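# Results of the structural survey
These are the residues of each chain, in order.
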Amino acid sequence: MSQPTKGFSRRAFLRGSGVAAAASSVTSTQSASAAIVPVPIIAGETQVSLTVNGQKKTVTVEPRTTLLDTLRYQLNLTGAKPVSSDGSSGASTVLVDGKPVMASTTLTVAVSGKSISTCEGLKDGDIPKAFVSNDAQQCGFCTPGFVVAVKAFLNQHPDATEEQIRAGLNGNICRCGTYANVLQAVIALVKGNQNG
Amino acid sequence: MAEVDYRWPENHKMRWIGKRVDRLDGLEKSGGTAKYTYDVNLPNQLIVRGLGCPHAHCNVLAVDISEAEKVPGVVYIHRLNAPGPNDDPVEIRADGTLLVAVAAENEAAAAEGVSKVKVQYKLLDAFTADHDLQSAEANGRTKPAGGGIELDEALGEPGDDEDEEEWENKVMQHLFDTSAHVVEGEYGIDSITHCCLEPHGATVHWVDGKLKVYLSTQNVSQADDGFAGALEITADDVDVTCDYIGGGFGSKFQPNYWGIAAAEISKVTGRPVKFMLTRDQELKIAGNRPSGYIKVKLGADANGVVRVWDSLHWGTSGFNGSTVAVGNIPYVFRPKSFRRKATGIVTDNEPSVAWRAPNHPQACAITQTAYDDLAAKMGVDSLDIFLRNLENIDTPEKAPVYAEQLRIAADLINWRKHWHPHGKGKKSGAVVEGLGIGIHKWAGTANSSNCLLKIHADGGVESYCGTQDLGTGTRTVCAMVLAETFGLTLDEVKVNIGSSTYPFSGASGGSTTVGAVTESHRRAAQDALAKVLDLVAKKLDVSADILDAVGGKIVARDYSGKEMTWKQACSLIGIQPLEVNSSYARGTASPLSSENVAGCQMAHVAVDTETGQVKIKRMVAVQDMGLIINRKTAESQIYGAMIMSIAAALFEQRINDPKTGVFVNSELADYRLPRLGDIGNLVVHLHEPESERARGVIGLGEPPAISGCTAISNAVCNALGVRVPTIPLTPKRVLDALRTAKG
Ligand code: FES
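Treat the numbers as computed from the prediction; the structure is a model and nothing was measured.

The rules behind these values
Residues numbered from 1 in each chain as written. Chains lettered and ligands numbered in written order. Predicted model: local features only at pLDDT ≥ 70, side-chain atom pairs only at ≥ 80, totals over all residues. Heavy atoms only, no water. Pairing = 2+ DSSP bridges. Helix = DSSP H or I, 4+ residues; strand = E, 2+ residues; numbered from the N terminus. Axes fitted to C-alpha atoms, helices over the stretch in contact; angles between N-to-C directions. Contact = heavy atoms within 4.5 Å. Domains from an automatic or database assignment. Buried area = accessible area lost by both parts, 1.4 Å probe. Salt bridge = Lys/Arg side-chain N within 4 Å of Asp/Glu carboxyl O. Polar contact = N/O pair within 3.5 Å; in protein donor to acceptor, adjacent residues only side chain to side chain. Nonpolar A, V, L, I, M, F, W, Y, C, P; charged D, E, K, R; others polar. Patch = residues over 30% accessible without salt bridge, like charges linked within 9 Å, V, L, I, M, F, W, Y side chains within 5 Å. Areas by Shrake-Rupley, 256 points an atom, 1.4 Å probe, with all protein chains shown as cover. Lys, Arg positive; Asp, Glu negative; His and termini not counted. Charge placed at Lys NZ, Arg CZ, Asp CG, Glu CD. Expected span 1.5 Å × (residues − 1). Buried < 20%, exposed > 50% of the residue type's maximum accessible area, 1.4 Å probe, protein only. Core = buried A, V, L, I, M, F, W, Y, C linked by side-chain atoms within 4.5 Å. Left-handed = near helix turned anticlockwise from the far one by under 90°. pLDDT = per-residue confidence, 0-100.

Residue and element names in this part refer to chain B. Ordered by their spatial adjacency, seven strands build an open sheet running β3-β5-β1-β13-β10-β11-β12, and the pairing between neighbours is mixed. Of all the strands in the sheet, just β3 (74-79) and β12 (238-241) have a single pairing partner and so form its edges. Neighbour to neighbour, the strand axes of the sheet diverge by 20° on average, direction disregarded. Relative to β12, helix α6 (residues 220-231) is tilted by about 140°, and along the sheet it contacts β10 (201-207), β11 (210-215) and β12. Each of β1 (46-52), β3, β5 (98-104), β10, β11 and β13 (273-276) is contacted by helix α7 (residues 256-269), which is oriented at about 30° to β10, the strand it contacts most.

Structure follows, in structure tokens:
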């Protein structure tokens, strides 16, 4: 008979994280421990203000609440999707102060005061249109994450070559296999047209 | 009114059908506003998470939920596959099986609640080595899975006093003894999972004793029956909605036990409930494709035409223990004499469910690799061996179609320029290139479908059909058919799908949907148009036979100049909308749809002999599908299927720990799928000579997902001159095969 796998409560982890860090440092190196400032334990609900797609929002969250859950359950922005808990699918990609992050692995408290752009905020722009005209979506579940990833990529590489596109958009998984169409959509965007 | 003659317009008159049309719901998807089941949030809803069993095979002795109940936000805990206080242990046969479900105020509380459930397990022996027939036999894990023998009639019959089996053995032996070339090999293809990006699940609530379900499903019209049966209510008390589904691939036909649990929890708590699987549960329990491994011997004449095939294959579909259906072996190719046997292996895995073209990708991969090895052994071009063997295939009438497709594909991949005898290509550093082929078949018969069509006096057109869009562009093809028939634009027709309250339409599985919905929509539109034309004919004082609906007008073809706008025509309908309900029943011969397609794929790969990495340089798919409705989405289907083939050929596999049976790579970081940079150049050719086009619509979802894997495996073999026997061709397997060949 074996015991069940001991679950690991993220709240318990956050409650204890400051203490644990200090304790382990003390036992490892004496000199390092001097640099460790015990962090306050965060627990309970807290209010966080952020700017989402240009609008100021205040949400009440627990320390463990992910940005993804906040967007999806409190702000009715369900474009970013829960696909993998470790961010390896890219489906929850959003921009935080212009940089792509996985909302599924980002805590809401960590983006307090920051500016968040989700797929919905990009919906009237060129990228979704290029996705449509190049048919870069099938079931569409991965698509919002891909659209945001493309936005971040093109911000960095507005004149990307096909080779750069192939090398630079590997953070998103599409199970339906729309990559060939996404590639064409991004090539079209670089050329300045969205023709399919 | 004369009987309506259902058919497609002549080619030159088609304004929508066959064109490249943007999918109508594209912007909802790419703009993030499309609402999937996972996205439906109902007021006051509970979030449910399941606790998956961490063991492949065990008895669950007891479950203690007392700590879980204390977690703030946890509202209710529901027993699934777990014993009650005085019950016998519950045997679990697959890693991930849900034991209990925790309903809470939010995701995090539900997850914490799950982590606090304590379970006592008694571990039992686990067996998951589906590739290892000997070990399965030693562990009593095999089950006969059919087989048989067919011998060339020219070989005669056993004499009256001869033992039939002995005679057959003798004949088979003789066939091999007299073959110019004999190939013996072992090949395999591992189990993979559906890995839908939207996990399986449901959001449900009860309203006045009726169950309202948002379900991620390929089967809107019948999912209500699934809930009703399990909950002992009647189907009229269940409404199922699925506006968008985040991938299904054959795994989302049923409500599943977690969907039923959502309804039960909602009933007990009086609150709406959302119950979606976690990623690792999705991979472990929500659908997988059976593995297939084969030992085969084939004999060919001097020309390389296979005359005898003898095989034993095995594999697993999980704890019910079947394997790739024996009837599919050998695949497409049918030598005049063949013997095939299959053994199922009982493993401690969740049973498989239909996976895009059930049985075909595996059957193709364990058949046509052996044919390619024949080419390698003879030192002959694989393309020639495939072409020569078209004289013995299971659908002889398709031989000219395959021959033409192979010729087209060879041109598109520049076969004659790049091909070299197996293992004899030029090396560039450690990298060597190769070419490979696979051919496939699929039925693609249209499913049953009903369409309710309403035409309003103001000219508005709307259809209702209980079908769904898996990503094939169902809404768009329905709208194209309506617009084509009425001479309207796409924005002048409204298509309503995705609800079990709409007229029945068959499940989307087996490439049956586009055929089904174009049948029902074309029939309904032609029926309705005939009624409108009758009214117009009276008004214009002409015969209805000379009226056409075109360009937003009803026009007389008699050069009289008589016409009226669509709106004027519809105003003749009267106050009540004109309603027609038209049906197509699966299997009815029809000029609108047909079945049975052929296709081929070729791959050009580069293999690094030092790292074992395989890169796709180019892949070509040549596919017929009868009449194409939307060229753009048809091409996308094929691109997607080719990428799925790359996934199965090079990346994905379910890996079970050999000792514990645990599925160890059930998160996306470990369950490898190709990314955008892995696909090479993909070329799609829609093969549509008039002979194919005239057959009407045939489903396209499965066929291009079949032979790509085989083409890649054969290309790697052509590059290396060594067969990497089992798919996926991971770097380790490539290096192992090279090492073994070196001896
Ligand atoms: S479109 Fe379905 S997962 Fe990408």
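The discussion continues.
To continue, consider unusual backbone geometry. For the peptide bond that leads from B:Ile329 to B:Pro330, omega is -15°, which places it in the cis range. Of the consecutive residues B:Ile727 and B:Pro728, the connecting peptide bond is found in the cis state with omega at 10°. Mapped onto the secondary structure, B:Pro728 falls in the loop between β30 (726-727) and α19 (731-742). Even without glycine at this site, A:Asn53 takes up a positive phi of about 50°. By the secondary structure assignment, A:Asn53 is in the loop between β1 (46-52) and β2 (55-61).

Let's shift gears to the domain arrangement of chain A. Residue and element names in this part refer to chain A. The assigned domain composition of chain A is domain 1 (46-118) and domain 2 (122-191). Each of domain 1 and domain 2 has a C-alpha centre, and these two points are 21 Å apart. Each partner contributes residues to the interface: domain 1 has 13 residues there, and domain 2 has eleven residues. Buried surface at the junction of domain 1 and domain 2, summed over both partners, amounts to about 960 Å²; 67% is from carbon and sulfur atoms. When the buried surface of domain 1 facing domain 2 is broken down by residue, Lys81, Thr93 and Leu95 rank first, second and third, together holding 37% of it. Counting across the domain 1 and domain 2 interface gives zero salt bridges.

All names here are of chain B. Taken together, three strands build an open sheet; the order of strands is β23-β24-β25 and the sheet is antiparallel. Because the sheet does not close on itself, it has two edges, and the strands there are β23 (547-550) and β25 (563-565). With strand direction ignored, the average angle separating the axes of adjacent strands in the sheet is 20°. Where helix α14 (residues 513-540) meets the sheet, its contacts fall on β23, β24 (553-556) and β25, and the angle it forms with β23 comes to roughly 120°.

Our focus in this paragraph is the side chain of B:Asn219. All names here are of chain B. Positionally, asparagine 219 belongs in the loop between β11 and α6. Here phenylalanine 253 takes part through its backbone oxygen, which lies 3.2 Å from a polar atom of the side chain of asparagine 219. For asparagine 219, the residues in contact, after removing those within four places along its chain, are Lys252, Phe253, Gln468 and Ala507.

Residues and elements named next belong to chain B. According to the domain assignment, chain B consists of domain 1 (11-19 + 446-584), domain 2 (37-124 + 200-276) and domain 3 (356-444 + 595-741). Each of domain 2 and domain 3 was reduced to a C-alpha centroid, and the two centroids are 39 Å apart. On the side of domain 3, six residues touch domain 2, which itself brings five residues to the contact. Taken over both partners, the interface formed by domain 2 and domain 3 buries close to 370 Å², and the fraction arising from carbon and sulfur atoms is 57%. Three residues stand out in domain 2 for area buried against domain 3, namely Ala56, Asp95 and Phe249, and they jointly supply 89% of the buried area on that side. Between domain 2 and domain 3 we count zero salt bridges in total. Where domain 2 touches domain 3, the interface holds two residue pairs in polar contact (both at pLDDT 80 or more). Its residues assigned to classes, the side of domain 2 that touches domain 3 comprises three nonpolar, one polar and one charged.

Time to look at a negative patch on the surface. A cluster of like negative charges, contributed by B:Glu153, B:Glu157, B:Asp163, B:Glu164, B:Glu165 and B:Glu166, occupies part of the molecular surface. Along the chain, B:Glu164 turns up in helix α5 (residues 164-177).

Each turn of an α-helix holds 3.6 residues, which means side chains three or four residues apart point in the same direction. All names here are of chain B. In this model α5 runs 20 Å from its N-terminal to its C-terminal C-alpha over 14 residues, within 8% of the 20 Å that 1.5 Å per residue would give. Listed in full, the buried residues belonging to α5 are Trp167, Glu168, Val171, Met172, Leu175 and Phe176. Buried residues in α5 make contact with β7 (142-150), β8 (181-189), β15 (292-300), β16 (306-315) and β17 (337-345).

Moving on, we come to the nonpolar core. Residues and elements named next belong to chain B. Judged by nonpolar contacts, the single largest core of 146 residues is most densely connected at Ile439 and Ile712. Ranked by residues supplied to this core, first place goes to helix α16 (residues 631-651) with twelve residues. Every residue in contact with isoleucine 439, bar those within four places of it in the chain, is listed here: Tyr331, Val332, Phe333, Cys364, Gln368, Phe386, Leu390, Tyr402, Leu406, Gly599, Cys600 and Ser707. In terms of nonpolar packing, the next biggest core, distinct from the first, is built from 48 residues, Leu488, Val495, Ile554 and Val697 among them.

Facing the 62 residues of chain A at the interface are 71 residues of chain B. Here chain A packs against chain B, burying approximately 5,200 Å² in sum over the two surfaces, 55% of which is carbon and sulfur. Between chain A and chain B we count five salt bridges in total. The shortest N-O distance in the salt bridge between B:Arg23 and A:Asp135 comes to 2.6 Å. In this structure, the connection of chain A to chain B is made through 33 residue pairs in polar contact (both at pLDDT 80 or more). Elements with a contribution of two residues or more to the side of chain A that touches chain B: α3 (67-74), α4 (126-133), α5 (143-156), α6 (162-168) and α7 (179-191) of chain A. Classifying every residue of the side of chain A that touches chain B by side-chain character gives 25 nonpolar, 23 polar and 14 charged.

This brings us to the packing of α5(A) against α7(A). Residues and elements named next belong to chain A. The contact between α5 and α7 brings their axes to 12 Å, and the two run at 40°. Between α5 and α7 lies a crossing of right-handed hand. On α7, the residues touching Phe146, Val150, Phe153 and Leu154 of α5 are Tyr179, Val182, Val186, Leu189 and Val190.

Bringing the confidence of the model for chain B into the picture now. The pLDDT averaged across chain B works out to 97; a share of 100% of its residues lies at or above 70. Scored by ipTM, the complex comes to 0.97, with pTM at 0.94.

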